[in-house]
Amino acid sequence: MLRFLIRRTFGAALILLLISAFTFFMYFAIPQDPATLACGKNCTPDALAIIHKNLGLNDPVPVQYWNYLSGIFAGRDFAVGHCDAPCFGVSFRNNQMVWDTMMDRLPLTLSLTFGGLIVFLFVGLGAGMMAARFRGTWLDKTFSGGSLVLSSFQIYFLGPIVLGITVYSTGWLDKPKYVPITEDPGGWFMGLLIPWLVMATIFTANYTRMSRSSMIEQLQEEHVRAAKAKGMSSRYVFFRYAWRGSIIPIITILGMDIGALLSGGMVTELTFGLAGFGRLARDSVVLKDLPVLMGVMILSAAFIIICNVVVDALYAVIDPRVRLS
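Let me sum up the structure you'll find in this document. Please read these numbers as outputs of a predicted model, since none were measured by experiment. Going along each chain's sequence as written, the residues are numbered from 1 onward. Thresholds applied to this predicted model are a pLDDT of at least 70 for local features of residues and 80 or more for the giving and counting of side-chain atom pairs; totals over whole chains, interfaces and linings are not thresholded and use all residues. Water and hydrogen atoms were dropped before computing side-chain values, which therefore reflect all heavy atoms in the structure.

A closer look at the layout of surface pockets
Here a cavity is any set of points on a 1 Å grid over the protein atoms alone where a 1.4 Å probe fits but cannot get out, and a pocket is any open set with protein on both sides within 12 Å along at least 5 of 7 lines; a residue lines the site when it has an atom within 4 Å of a point. Grid points are joined across faces, edges and corners, and a volume is the space filled by probe spheres set on the points. A volume near 280 Å³ is recorded for the largest pocket. Along the walls of the largest pocket sit Ala13, Leu16, Leu17, Ser20, Leu69, Ile72, Phe73, Phe88, Ile298, Leu299 and Ala302, which together make up its complete lining. The element contributing the most residues to the lining of the largest pocket is helix α1 (residues 2-27), with four residues. Grouping the constituent residues of the lining of the largest pocket by class yields 10 nonpolar, one polar and no charged. Secondary structure elements are taken from DSSP: a helix is a run of H or I of four residues or more, a strand is a run of E of two residues or more, and numbering for both begins at the N terminus. Three classes are used: nonpolar for Ala, Val, Leu, Ile, Met, Phe, Trp, Tyr, Cys and Pro, charged for Asp, Glu, Lys and Arg, and polar for all others, with Gly counted as polar.

Some remarks on the nonpolar core
For soluble globular proteins, the rule of thumb is that nonpolar side chains tend to be buried together. Formed by 39 residues in total, the largest nonpolar core has its most connected members in Phe120, Leu192, Ile194, Tyr207 and Met215. Mapped by element, the contributors of at least two residues to this core are α5 (98-133), α7 (155-169), α8 (185-219), α9 (222-229) and α10 (234-272). In terms of residue count, α8 provides more of this core than any other element does, 14 residues in total. Apart from residues lying up to four places away in sequence, Ile194 is in contact with Val162, Leu163, Thr166, Val167, Leu173, Asp174, Pro176 and Phe272. Joining through side-chain atoms within 4.5 Å is the link that ties buried Ala, Val, Leu, Ile, Met, Phe, Trp, Tyr and Cys residues into a set, and such a set is a nonpolar core. In this scheme, a residue with accessible area under 20% of its type's maximum is buried, one over 50% is exposed, and one in between is partly exposed, where area comes from a 1.4 Å probe on protein chains only. The next biggest cluster of nonpolar side chains, apart from the first, holds 27 residues, and it includes Leu106, Val292, Met294 and Cys307. Two residues form a contact once any of their heavy atoms are found within 4.5 Å.

Remarks on the pattern of salt bridges
Salt bridge, as used here: a side-chain nitrogen of Lys or Arg that lies within 4 Å of a carboxyl oxygen of Asp or Glu. The full count for this structure, using the stated rule, is two salt bridges. One salt bridge in this structure joins Arg212 and Asp140, with 2.7 Å as the shortest N-O distance. Of this pair, Arg212 sits in helix α8 while Asp140 sits in helix α6 (residues 138-150), placing them 72 residues apart in sequence. The salt bridge involving Arg282 is made with Asp283; its shortest N-O contact spans 3.2 Å.

Describing the side chain of Asp140
With relative accessibility at 4%, the residue Asp140 sits in the buried group. Once you skip the residues sitting within four places of it in the chain, Asp140 turns out to touch Ala131, Phe134, Arg135 and Arg212.

Describing the packing of aromatic side chains
Side-chain rings of Phe, Tyr and Trp, where Trp is taken by its six-membered ring, are said to pair if the distance between their centres is within 6.5 Å; with planes under 30 degrees apart they count as stacked, over 60 as edge-to-face, and otherwise as tilted. Scanning the model with the defined rule gives 10 aromatic pairs in all. For the ring pair Phe24 and Phe25, a centre distance of 5.9 Å and an interplane angle of 70° mean the geometry is edge-to-face. Judged by relative accessible area, Phe24 falls into the buried class, the value being 4%. Taking relative accessible area as the criterion, Phe25 reaches 36% and is therefore assigned partly exposed. With 5.1 Å between their ring centres and 40° between their planes, Phe120 and Tyr207 make a pair best called tilted. A residue pair is termed long-range when its members are at least 10 positions apart, and Phe120 in helix α5 and Tyr207 in helix α8 qualify at 87 residues. Taken together, the ring pairs connect Phe24, Phe25, Tyr65, Tyr68, Phe88 and Trp99 into an aromatic cluster.

Concerning a nonpolar patch on the surface
Taken together, the side chains of Tyr156, Phe157, Ile161, Ile165, Trp172 and Val267 make up a nonpolar region of the molecular surface, amounting to roughly 660 Å² of accessible area. On the secondary structure map, Ile165 appears in helix α7. Overall, the relative accessible area of 44% leaves Ile165 in the partly exposed class. Here a patch means residues that are over 30% exposed by relative accessible area and free of salt bridges, tied together within 9 Å if like-charged and within 5 Å if nonpolar (Val, Leu, Ile, Met, Phe, Trp, Tyr). Only the protein chains shown count as covering a residue, and every accessible area follows the Shrake-Rupley method with a 1.4 Å probe.

Here you go:
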């Protein structure tokens, strides 16, 4: 296990390095001066020269990239002040530290992502396993048919519909907003409830179908049939033997869906007007703000990689037959 984690850590570091290098050098391939964007409409040559100096744009591009990487681990000095490690630079648009900007937005994105994850895993796996347990009944047909219908929806289509029904037409719920959980747990939950349900709906449909088919396959395995033949109750066999085996392919798919879950969270933020990583990423692209764009990409990639390592490590916990070499 330790060797596996060390190998994956080195692989993750290499991937992050390649992502940062690709983004950095591709940005400077665009024939537009970042200092011009930061200077504004009434820009003078003197002001432009000062911005070049303050942002370190006078150095060659490879030197700028090296300064950027070293700043992440050791900090960096700018004209606007010292940036402590981890330093992701200073925004070209407002001269604010990128790390501070990302930390202001990160709690919302994490709350939205993990809240949606819990909802769709709980509902999707539960519905799929109930459909498999009562295979061929009206319950199975309802869950299976409903999952097919829901899987055709998209967040940007379903979100306004749910918002119009629950907020503007009936007034059942308030408009989605983010309240820090440390300040008001109830307001945090109710403010993100609609985005959670909308985002989870898309993933719930997929996991209902996957968990149903996986459970049905496990119920046909020899060890499950042998347990039934020994006189064990159907409920005990279902949860003790079949459920544990069926969860392995679900975890595999979950590892691959981490990226889709994060991007789904960003689309959900834009749909409901929430100021998280989704809006920050969009604004950095529109405004051509390289430090913010790179910070968002590196932090998002690190999140996806860490989640995949954790998912891979769970294999050995759930299935003792799995050995990580």
